[in-house]
Amino acid sequence: MDENTARELRQQTQPTPAVQPTATAQPTVGRVPFSKFEILLGVVCTALVAWMVVSLISAKIALNNHQHTLQQVQNQIAKVNSSNTSIQQEIAEATSQANLQKVAKKYGLTDANSSVRNVNR
C-alpha cells in the first residue's frame, strides 16, 4: 500500500504543463501596393485641383483687367460731364438777356421786350 500511495503522490506532485503563450502574428511592415482605381482617383483629383488653381488665377487676372477698363471709362465719363457742365455754363451766358442786348447793340439791332417770350424746356 505504501507503494500505491507514493505513486499517487508522484503523480499529484508532477507539475502540470504550463500553458504556452500562443505566438501572435507579427504585423508585416511591407507596403500594400496601390490599386488601379486609387491611382486613377489620385490623378483625377490632382488634375482637378490644378485646373481649379489655373481657373482661379485666370479669373483674377480677367477681373483685374475689367476693373482697369471700368476705371478708364469712369474717368472718361467724369471728363465728359465736366465738359458738359462747362458748355452749359457758356450756353447760359450766351443766352442771357444782357449778352443778347450786347450782341444786338454790336450789330445795330434793336430789342423789343414786348414781343419777346421766354421759353424754358
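Residues numbered from 1 in each chain as written. Predicted model: local features only at pLDDT ≥ 70, side-chain atom pairs only at ≥ 80, totals over all residues. Heavy atoms only, no water.

Some remarks on the overall build of the chain
Here is step 1: In terms of helices and strands, the chain carries three helices and zero strands.
Here is step 2: In the chain, which comprises 121 residues, the share counted as buried stands at 1%.
Here is step 3: Split by element, the accessible area of the chain, about 12300 Å² in all, is 60% carbon and sulfur. (Helix = DSSP H or I, 4+ residues; strand = E, 2+ residues; numbered from the N terminus. Buried < 20%, exposed > 50% of the residue type's maximum accessible area, 1.4 Å probe, protein only. Areas by Shrake-Rupley, 256 points an atom, 1.4 Å probe, with all protein chains shown as cover.)

Remarks on the confidence of the model for the chain
Here is step 1: Per-chain confidence: the chain averages 84 in pLDDT, with 79% of residues scoring 70 or above.
Here is step 2: Taken element by element, the predicted model of the chain shows its lowest mean pLDDT in helix 1 (residues 2–13) (57) and its highest in helix 2 (residues 36–94) (97). (pLDDT = per-residue confidence, 0-100.)

Things to note about a nonpolar patch on the surface
Here is step 1: A contiguous nonpolar surface patch, about 350 Å² in accessible area, is contributed by V49, V53, I57 and I61.
Here is step 2: Tracing the chain through its elements places V49 in helix 2. (Patch = residues over 30% accessible without salt bridge, like charges linked within 9 Å, V, L, I, M, F, W, Y side chains within 5 Å. Salt bridge = Lys/Arg side-chain N within 4 Å of Asp/Glu carboxyl O.)

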